[in-house]
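For reference, the chains in residue letters:
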Amino acid sequence: AQKITQTQPGMFVQEKEAVTLDCTYDTSDPSYGLFWYKQPSSGEMIFLIYQGSYDQQNATEGRYSLNFQKARKSANLVISASQLGDSAMYFCASQEAGAQKLVFGQGTRLTINP
Amino acid sequence: NAGVTQTPKFQVLKTGQSMTLQCAQDMNHNSMYWYRQDPGMGLRLIYYSASEGTTDKGEVPNGYNVSRLNKREFSLRLESAAPSQTSVYFCASSPETKDYNEQFFGPGTRLTVL
C-alpha cells in the first residue's frame, strides 16, 4: 500500500528565504506520480507541482521545485524566495500508475514571517 | 468555466439525518472523486468514479453512497449521519489522459454532525 510521510508538522520561515518541505513515500509500484498541493486558510486545494517516477529532471514550476531523490524515496518541495502569501498547509501526495486515488500525507503548516 | 463546484458550503445535521452533497464539473473530465479531510490530516478517498456509470470504493467508504448522475455530476449521500462523519468533504475531477492525473478540487463542504 502507498504511504506518504511528512515529518514537519509546522515550519516558520522569514520572508524571502527559501524553504524545503520534506516528503518521503513508500510504494511497491515502479511507476508512480508525486504531487504537491497547497491549502490556504480559505480551504481550497491548489495543485502546485508534479513529478513522474521516470522523469529524469526534477520538476519546476515558477518558484516551486521538487527535489526528487528516487533512491531515498523522497520528494521534497522547495519554495524559493518565500512570500507572505505562501503561508498555508502543504500536502504531498502519491498516485500509482493506473490507480485512481491520490494518497496524501498529513501535511506541513508553513508560516512566513515578515 | 467554473471548474468544480460543490453545494452546500456548510451544513449542520443531527445524528441520524440524511443528506446529499452535490458536485459538478464543467471541464469534461472522465474521473470524479470524493475525499474527506479530518482536522490535522490529509485527504482520504471515500469513493471515486472512473467514468460515467461506474463507481468504486476508496479508503473510507462505510456510511456513504454515491451516484454518478452523468459525466458532469457526482453526488455523495449520507443515509444516517453520525458524529464521526463530521469533516470537510472535497469533490475532485481529473482528465483521463495519462497514467498520473492532476486532480482539480472543489471548494469543499464543511459538515458538522451533532
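Since we're looking at a predicted model, the values are computed, not measured.

**Q** I tried to follow the sheet that holds strand 1 (residues 4-7) of chain B on my own but got confused; where do I start?
**A** Pairing between the strands of a sheet is mediated by backbone hydrogen bonds and can be parallel or antiparallel. Residues and elements named next belong to chain B. With antiparallel pairing, four strands are arranged side by side in an open sheet as 1-3-8-7. Two strands close off the open sheet at either side, each with one partner strand: strand 1 and strand 7 (65-68). The sheet shows a mean angle of 15° between the axes of neighbouring strands, direction not considered. By the bridge criterion, four bridges tie strand 7 to strand 8 (residues 74-78) in an arrangement that is antiparallel. Residue V66 lies in a different strand from strand 8, and its bridge partner there is L76.

**Q** I would appreciate a short explanation of the interface of chain A and chain B in the present structure.
**A** Quoted interface sizes are often the accessible area lost when the parts come together. On the chain B side, the residues contacting the 23 residues of chain A number 18 residues. Taken together, the two surfaces of chain A and chain B that pack against each other cover about 1,700 Å², and 56% of this comes from carbon and sulfur. It is A:M45, A:Q100 and A:F104 that lose the most area in chain A upon contact with chain B, and together they represent 32% of the buried surface on that side. Summed over the shared surface of chain A and chain B, the number is three residue pairs in polar contact (both at pLDDT 80 or more). Those elements giving two or more residues to the side of chain A that touches chain B turn out to be strand 5 (32-39), strand 6 (46-52) and strand 10 (88-96) of chain A. Tallying contributions element by element places strand 5 of chain A first for the side of chain A that touches chain B, with five residues. Looking at the side of chain A that touches chain B residue by residue, the class counts come to 11 nonpolar, 11 polar and one charged.

What counts, and where the lines are drawn
- Residues numbered from 1 in each chain as written.
- Chains lettered and ligands numbered in written order.
- Predicted model: local features only at pLDDT ≥ 70, side-chain atom pairs only at ≥ 80, totals over all residues.
- Heavy atoms only, no water.
- Pairing = 2+ DSSP bridges.
- Helix = DSSP H or I, 4+ residues; strand = E, 2+ residues; numbered from the N terminus.
- Axes fitted to C-alpha atoms, helices over the stretch in contact; angles between N-to-C directions.
- Contact = heavy atoms within 4.5 Å.
- Buried area = accessible area lost by both parts, 1.4 Å probe.
- Polar contact = N/O pair within 3.5 Å; in protein donor to acceptor, adjacent residues only side chain to side chain.
- Nonpolar A, V, L, I, M, F, W, Y, C, P; charged D, E, K, R; others polar.

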